[in-house]
Structure formats: structure tokens, C-alpha cells
Amino acid sequence: MARFESISLIVSIVILAVSIIFSIMALTGSRTSSKQAAGAGGLKWDNTGVIFTVIGLIFLTLSIVARAIQTGHGPFSNMYEFSIAFSWGIVAMGLFFQWRYNAPIVKAIALAVAVILLIYANTLPT
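Before going into details, it helps to say that this report is about the structure given with it. (Residues numbered from 1 in each chain as written. Predicted model: local features only at pLDDT ≥ 70, side-chain atom pairs only at ≥ 80, totals over all residues. Heavy atoms only, no water.)

## Quick notes on the pattern of salt bridges
Right, on to step 1. Counted according to the given criterion, the structure contains three salt bridges.
Right, on to step 2. Linking Glu5 and Arg67 is a salt bridge whose minimum nitrogen-to-oxygen distance equals 3.9 Å. Linking Glu5 in helix 1 (residues 2–29) with Arg67 in helix 2 (residues 35–71), this pair joins segments that are 62 residues apart in sequence.
Right, on to step 3. By relative accessible area, Arg67 is classed as buried at 7%.
Right, on to step 4. If you follow the salt bridges from partner to partner, you end up with Glu5, Arg67 and Glu81 in one network. (Salt bridge = Lys/Arg side-chain N within 4 Å of Asp/Glu carboxyl O. Helix = DSSP H or I, 4+ residues; strand = E, 2+ residues; numbered from the N terminus. Buried < 20%, exposed > 50% of the residue type's maximum accessible area, 1.4 Å probe, protein only.)

Structure representation (C-alpha cells):
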């Protein structure tokens, strides 16, 4: 179970990092000269980024569930578990702000913070 948790955490880090790239491409695509072409291109990248973010959140959820099954308690007893749970909340709130307020910059910043926190968590002893 520990191996599954570790693999799902690493996969979620990679997928969320790719989602950051798509979010940045969506934000910079809206700055081109042709508004109609930029809107379509930015929307395409943004939708792809949202899909990758949801997939990354699913893998992060799997990692938290695997950790809870392995330890027998919620993910709040040490810094590793708290970092992963906090990152989950950051990603979930980034998706909420994207859905509710159509604020892709908030999602991009939230993903960057979450990925940095997940990389930090990956360096901690489990």
C-alpha cells in the first residue's frame, strides 16, 4: 500500500505540474492580437488544464486514501500527511474558483503553491 501511495503522489505532482503549464498557456494565449482566435485558443488550453487538474486531484485523493488505510487514521498526524491534505484543499479551492468565478489566475497560483508543497512533502520522511 505504501508503494501505491508513493506512486500516486508522484503521478499527481507530475499531472498538476502539466496543468500549471496549460494554465499559463491559457493565460498568455488571451494576450494575443486577435481576440477571437485568442479566446478560442485560451479556452482550449484552459479546458485542458482543468481536465488535468481534476485528474491530478483524483490521484492526490487516492494517495490520501491509501495513506489513511495504511496508517488507520486521517492525514493530520505529521507534517507529511498535513502537507498532502493541505495541497488537496488548495487544488480543490483552485478548481472551485475556476468554476465559480472563472478566475484562471487563481487556479494557476493555487496549483503552483500546491505543487511546491507536494514536492516538499515528498522530501519528508513518511
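## Comments concerning the packing of helix 3 (residues 79–101) against helix 4 (residues 104–123)
Right, on to step 1. At a closest axis distance of 8 Å, the pairing of helix 3 and helix 4 adopts a crossing angle of 170 degrees. Taken together, the axes of helix 3 and helix 4 lie roughly antiparallel to each other. Here the hand of the crossing between helix 3 and helix 4 comes out left-handed. Facing Met79, Tyr80, Ser83, Ile84, Phe86, Ser87, Ile90, Val91, Gly94, Leu95, Phe97 and Gln98 of helix 3, the residues of helix 4 in contact are Pro104, Val106, Lys107, Ala110, Leu111, Val113, Ala114, Leu117, Leu118, Tyr120 and Ala121.
Right, on to step 2. Residue classes in the contact of helix 3 with helix 4 are distributed as 18 nonpolar, four polar and one charged. (Axes fitted to C-alpha atoms, helices over the stretch in contact; angles between N-to-C directions. Parallel < 35°, antiparallel > 145°, perpendicular 65-115°, else oblique. Left-handed = near helix turned anticlockwise from the far one by under 90°. Contact = heavy atoms within 4.5 Å. Nonpolar A, V, L, I, M, F, W, Y, C, P; charged D, E, K, R; others polar.)

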